[in-house]
Amino acid sequence: MGQKTNPIGNRLGIIRGWDSNWFGGKDYAGKVVEDEKIRRYLKVRIEKGGIARIVIERTLKRITITIHTSRPGIIIGKGGQEVDRIREELKKLTDKDVQINIVEIRKPELSATIVGETIAKQIEARINYRKAIKMSIQSTIRAGGEGIKVRVSGRLNGSDMARSEEYKEGRTPLHTFRADVDYALVEALTVYGKIGVKVWICRGEVYDKVDFFPTPSKRDRKQGGGRDQRRGGRGGRDNRGRDNRGRDNRRKK
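Once a new chain begins, its residue numbering starts again from 1 and follows that chain's sequence as written. Reporting of local features is limited, given that this is a predicted model, to residues whose pLDDT is at least 70; pairs of side-chain atoms are given and counted only at 80 or more, and all residues count toward the totals for whole chains, interfaces and linings. Note that water and hydrogens are dropped before the side-chain values are worked out from all heavy atoms of the structure.

Broken down by element type, the chain carries nine helices and eight strands. For the chain, the proportion of its 253 residues judged to be buried stands at 38%. Any two residues whose heavy atoms approach within 4.5 Å are treated as being in contact. A fraction of 59% describes how many contacts in the chain between residues 6 or more apart in sequence connect residues 24 or more apart. With the model as given, the accessible surface of the chain reaches about 16,700 Å², and the carbon-plus-sulfur share is 49%. Secondary structure elements are defined from DSSP: runs of H or I of at least 4 residues count as helices, runs of E of at least 2 residues count as strands, and each element is numbered from the N terminus. Type-normalised accessible area, obtained with a 1.4 Å probe on protein chains alone, sets the label of each residue: buried when under 20%, exposed when over 50%, and partly exposed for intermediate values. The accessible surface values rely on the Shrake-Rupley method and a 1.4 Å probe; as for residues, cover is taken only from the protein chains in view.

For Thr64, the location among the structural elements is in strand β3 (residues 62-69). Ignoring any residue separated from it by four or fewer positions in sequence, one finds Thr64 in contact with Val55, Ile56, Glu57, Gln99 and Asn101.

When DSSP locates at least two bridges between a pair of strands, those strands are taken to pair. Taken in spatial order, the four strands line up as β6-β5-β8-β7 in an open sheet, and their pairing is antiparallel. Each edge of the open sheet carries a strand with a single partner, namely β6 (163-170) and β7 (179-190). Strand-to-strand, the axes of this sheet are offset by a mean angle of 10°, without reference to chain direction. Strand direction decides the pairing type here: strand β5 (residues 147-154) and strand β8 (residues 193-205), joined by seven bridges, are antiparallel. Along β8, the bridge assignment pairs Gly147 with Cys202. Lines are fitted to the C-alpha atoms to define the axes, a helix being fitted only along its stretch in contact, and any angle between axes, read from their N-to-C directions, falls within 0 to 180 degrees.

Let us look at the pattern of salt bridges. Pairing of side chains with opposite charge becomes possible as their charged atoms draw close. Salt-bridge detection follows one rule: a side-chain nitrogen of Lys or Arg within 4 Å of a carboxyl oxygen of Asp or Glu. The tally for this structure, following the rule as stated, stands at 22 salt bridges. Arg163 serves as the salt-bridge partner of Glu165, at 3.1 Å between the closest nitrogen and oxygen. Arg163 gets classed as partly exposed once you look at its relative accessible area, which sits at 32%. A salt bridge links Glu187 to Lys194, with the nearest nitrogen and oxygen atoms 3.2 Å apart. Classification of Glu187 by relative accessible area gives partly exposed; the value is 48%. By relative accessible area, Lys194 is classed as exposed at 54%. Salt bridges sharing common partners tie together Glu34, Asp35, Arg58 and Lys96.

Let us now look at the sheet that holds β3. Within a beta sheet, neighbouring strands are joined by backbone hydrogen bonds and run either parallel or antiparallel to one another. Here four strands make up an open sheet; going across it, the order is β1-β2-β3-β4 and the pairing mixed. Since the sheet does not close on itself, it has two edges, and those belong to β1 (20-21) and β4 (97-104), each with one partner. Sheet topology note: the strand β2 (residues 51-58)/β3 ladder contains seven bridges and is antiparallel. Bridging from a neighbouring strand, Ile51 pairs with Thr69 of β3. In the packing of helix α4 (residues 81-94) onto the sheet, contacts are made with β3 and β4, and the angle to β4 comes to roughly 135°.

Once that is clear, we can look at the confidence of the model for the chain. Chain-level statistics for the chain give a pLDDT mean of 84 and a share of 81% at 70 or above. Considering each helix and strand of the chain separately, the mean pLDDT is smallest for helix α8 (residues 227-231), with a value of 42, and largest for β5, with 97. Within the model, pLDDT remains below 50 along residues 211-236, and this stretch shows 30 contacts once partners closer than five positions in the same chain are excluded. Confidence of the predictor at the level of single residues is captured by pLDDT, which takes values from 0 to 100. Every residue in residues 249-253 scores below 50 in pLDDT, and together they form one contact with partners more than four places removed in sequence or on other chains.

Relative orientation of the contacting elements helix α2 (residues 28-45) and α4 amounts to 150°, with a least axis distance of 11 Å. Remark: the crossing between α2 and α4 carries right-handed chirality. Contacts between α2 and α4 involve Glu34, Lys37, Ile38, Tyr41, Leu42 and Arg45 on the former and, on the latter, Glu82, Arg85, Ile86, Glu89, Leu90, Leu93 and Thr94. When residues are sorted by character, Ala, Val, Leu, Ile, Met, Phe, Trp, Tyr, Cys and Pro go into the nonpolar class, Asp, Glu, Lys and Arg into the charged class, and all the rest, Gly among them, into the polar class. Here the residues of the contact of α2 with α4 are counted per class, giving six nonpolar, one polar and six charged. For any pair of crossing helices, the crossing counts as left-handed if the nearer helix is rotated counterclockwise from the farther one by less than a right angle, and right-handed if it is rotated clockwise.

A word on helix α6 (residues 129-142). To estimate the expected span of a helix, count its residues, drop one, and scale the result by 1.5 Å. Between its terminal C-alpha atoms α6 stretches 20 Å, which fits the 20 Å expected from 14 residues at 1.5 Å a residue. Residues of α6 that are buried include every one of Tyr129, Ala132, Ile133, Ser136, Ile137 and Thr140, and no others. End-on, the buried residues of α6 take up no more than an arc of 130°, which puts them together on one face. Counted as exposed and oriented over 90 degrees from the buried face of α6: Lys131 and Arg142. Residues of α6 that are buried in the fold lie against α5 (112-124), β5, β6 and β8. The definition of a polar contact used here is a pair of N or O atoms within 3.5 Å, where within protein one atom must be able to donate a hydrogen and the other to accept one, and adjacent residues in sequence count solely through side-chain atom pairs. With a side-chain oxygen positioned 2.9 Å from the backbone nitrogen of Arg130, the residue opening α6 is Asn128. The directions from the helix axis to the C-beta atoms are what the arc is built from.

Listed below in structure tokens is the structure:
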């Protein structure tokens, strides 16, 4: 029985933020469903836009949608006409004011979603899956990725029995929380059935976003016993966080 955690969900609040930022309140379920509708609509509406991530933020009367894409020109359109159309269509879908921000991805080879979609499209075009995977691995390593792992599952090359194959290069440490590991699952629809493509890409390690060893504030020191805590006296704790009462009792004896 496999017990693998999604690498993105495993790092939420540590080195990665949420894709939906809002307070739910009583209408929490309705907002979750609406977010899913928005994401599905945008992926179908801009199928060739190279969308890697969609971040949704909400206020009382406005929805702010940030689209991370490798092809911003396709989404913006000539003179911004395409964005205006998408905004109006989303207003009808949500009955709220919509603002769209577009962020360009400089290195699409380091985005797991874009790499997975590239491999899936090549498999659908009847290109050999080994060739497609090896080309994607080489381009990711050339772009500066520390490691990549690709797993394909299904009736590969139209075989009678489904199987899984895995190809990897470099390092993809799934248990290291500070390692920035991007993950995506994409499906390729072929005449033989669906073929699943899973991609893990390690983009390095993150040290500066989160303070892993925060210093205690003055308020915490006062609550812990003031001078006794810093000096390791009675009733406090020493600088390693250990209780000093036993040590003081031994001194008295």
